Amino acid sequence: MGAPPGYRPSAWVHLLHQLPRADFQLRPVPSVFAPQEQQYQQALLLVAALAGLGLGLSLIFIAVYLIRFCCCRPPEPPGSKIPSPGGGCVTWSCIVALLAGCTGIGIGFYGNSETSDGVSQLSSALLHANHTLSTIDHLVLETVERLGEAVRTELTTLEEVLEPRTELVAAARGARRQAEAAAQQLQGLAFWQGVPLSPLQVAENVSFVEEYRWLAYVLLLLLELLVCLFTLLGLAKQSKWLVIVMTVMSLLVLVLSWGSMGLEAATAVGLSDFCSNPDPYVLNLTQEETGLSSDILSYYFLCNQAVSNPFQQRLTLSQRALANIHSQLLGLEREAVPQFPSAQKPLLSLEETLNVTEGNFHQLVALLHCRGLHKDYGAALRGLCEDALEGLLFLLLFSLLSAGALATALCSLPRAWALFPPRNPSALCSGSRLSEPLLPAGLEPGSPLRSFPGCRRRPH
């Protein structure tokens, strides 16, 4: 199979393609891209399920850690004013984890942009291919109509004018037959006419899905960024209610991060299988959708010396017919015009039609060559298998960093929250023994609370 120009499977494609695959019964599955087969679908679902397993394990770890923190803490002695050891370390570990999450967000924005660029390149290649195919159909239709109009009008008029000379009428009828033969051969060049598959529709569907995928990732990235920033603000302001709200939001974003990781991993693995050898799958799928012969599809998708041009015979016969028409018109102009001056006008009109037809024919020869459509095929593969796959890998790294950072933050936030000083003035104004551990270190129990505004000493 000949690879498209400028496209070679990257190292990431080879690496992901070599990863083992298994179905739900853990039986090995070949790494051949076959999305219609149940075993291959199960293999990709199993790859996505690994992210679900990671989510479950992280939630279990967080739950065990928090239960141990809440239920197994040693009781503080009454009146103790010494902060618990390691409090600053817990806070800083939470801050570092959140900053690592912000770094992952930057990586996620880059990966989302790269993926979008790759899909846009795929859509552009499809649109260009659609333009080429539409131009071929338009040129064939226009040329056939011009030849048909010339047969019905100018050649008929010319035969009527030259009726006294039998040999000249025979030459005009010969030009008519050649024009009809050229039109018949040219009609077979519009190979995409009537095909149900439209590259334009495919490009629109791809762009529609990509638009919502891009928007969903932007919202996820912005949500995580807001969670990280507001959590850091809550830690800086020592706001318990803000930290509690951000803890709940962190748990939600953690679930979303693991879910996106599963989708990214399964998509990257499936895309690597496709990109390692895309020609057979694309050929089979296009043949099923279009019903075109394998000769035509192989010529455009492979475009090498081993595959001949399936339209070469039609092009040769059409070119020969146009050349015969041209020579016959020159002979008629030389022989008939001196004797029949009225024949000059239809002959000039026929020559103009023939010139336009030959121009269209040369454009058709260039458009029907495999270089143009094969170049679009290569551009689509490069966009999908290089930029889009690279973007997916960066999104996978973002999801991994995000999950790790949020899991660390969820373990650290409750401990940091427990170290915050009380915000209730009534507890500081109370003279009961229960409030004594919450008093400032420089204030002895029973001493007047003159430094706290709003506190009035109650009579004994």
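Note that the structure is a prediction, hence the values are computed from the model and not measured.

(A) Just the state of the cysteines, in detail. Evaluation of the coordinates by the stated rule reveals 2 disulfides. For Cys275, the disulfide goes to Cys385, at an S-S distance of 2.0 Å. Its S-S torsion of approximately -85° makes the covalent link between Cys275 and Cys385 left-handed. A residue pair is termed long-range when its members are at least 10 positions apart, and Cys275 in helix H7 (residues 240-276) and Cys385 in helix H12 (residues 370-418) qualify at 110 residues.

(B) Molecular detail of helix H4 (residues 154-161). When we look at burial in H4, the residues that qualify are Glu154, Leu155, Leu158, Glu159 and Val161. Buried residues of H4, seen end-on, are gathered within an arc of 160° and therefore sit on one face of the element.

(C) Just the packing of helix H5 (residues 166-187) against helix H10 (residues 312-336), in detail. One can describe the packing of H5 onto H10 by two numbers: an axis separation of 9 Å at closest approach and a directional angle of 155°. Comparing the axis directions of H5 and H10 gives the class roughly antiparallel. As for how H5 packs across H10, the hand of that crossing is left-handed. Along the contact surface, H5 presents Leu168, Ala171, Ala172, Gly174, Ala175, Gln178, Ala179, Ala182, Gln184, Gln185 and Leu186, while H10 presents Arg314, Leu317, Ser318, Ala321, Leu322, Asn324, Ile325, Gln328, Leu332, Glu335 and Ala336. Its residues assigned to classes, the contact of H5 with H10 shows 13 nonpolar, 7 polar and 2 charged.

(D) Layout of unusual backbone geometry. The backbone phi angle of Leu26 is positive, close to 60°, even though this residue is not glycine. Among the secondary structure elements, Leu26 is positioned in the loop between helix H1 (11-17) and helix H2 (38-71). By relative accessible area, Leu26 is classed as exposed at 64%. The residue Cys303 is not glycine, and still its phi comes out positive at about 50°. In this fold, Cys303 is placed in the loop between helix H9 (294-302) and H10. Classification of Cys303 as partly exposed rests on a relative accessible area of 23%.

(E) Geometry of the nonpolar core. In terms of nonpolar packing, the biggest core is built from 68 residues, with Leu162, Phe191, Tyr300 and Leu368 touching the most fellow members. It is helix H3 (residues 87-152) that provides the largest number of residues to this core, a total of 9 residues. Excluding its chain neighbours within four sequence positions, the residues that come into contact with Leu162 are Leu168, Val169, Leu332, Ala336, Phe340 and Ala343. Judged by nonpolar contacts, the second largest core, of 14 residues, contains Cys94, Leu98, Leu235 and Val243.

(F) Looking closely at the UniProt feature "transmembrane region" (unreviewed entry) in the chain. Per the UniProt record, the feature "transmembrane region" (unreviewed entry) sits at residues 43-67, 88-110, 214-235, 242-261 and 392-413. Structurally, residues 214-235 comprises 100% helix and 0% strand, and the distance from its first C-alpha atom to its last is 32 Å. Secondary structure within residues 242-261 divides into 100% helix and 0% strand; the distance between the first and last C-alpha atoms comes to 28 Å.

What counts and what doesn't
Residues numbered from 1 in each chain as written. Predicted model: local features only at pLDDT ≥ 70, side-chain atom pairs only at ≥ 80, totals over all residues. Heavy atoms only, no water. Disulfide = S-S within 2.5 Å. Helix = DSSP H or I, 4+ residues; strand = E, 2+ residues; numbered from the N terminus. Buried < 20%, exposed > 50% of the residue type's maximum accessible area, 1.4 Å probe, protein only. Arc of directions from axis to C-beta. Axes fitted to C-alpha atoms, helices over the stretch in contact; angles between N-to-C directions. Parallel < 35°, antiparallel > 145°, perpendicular 65-115°, else oblique. Left-handed = near helix turned anticlockwise from the far one by under 90°. Contact = heavy atoms within 4.5 Å. Nonpolar A, V, L, I, M, F, W, Y, C, P; charged D, E, K, R; others polar. Core = buried A, V, L, I, M, F, W, Y, C linked by side-chain atoms within 4.5 Å. UniProt positions renumbered as here; feature names shortened; annotations may be inferred.

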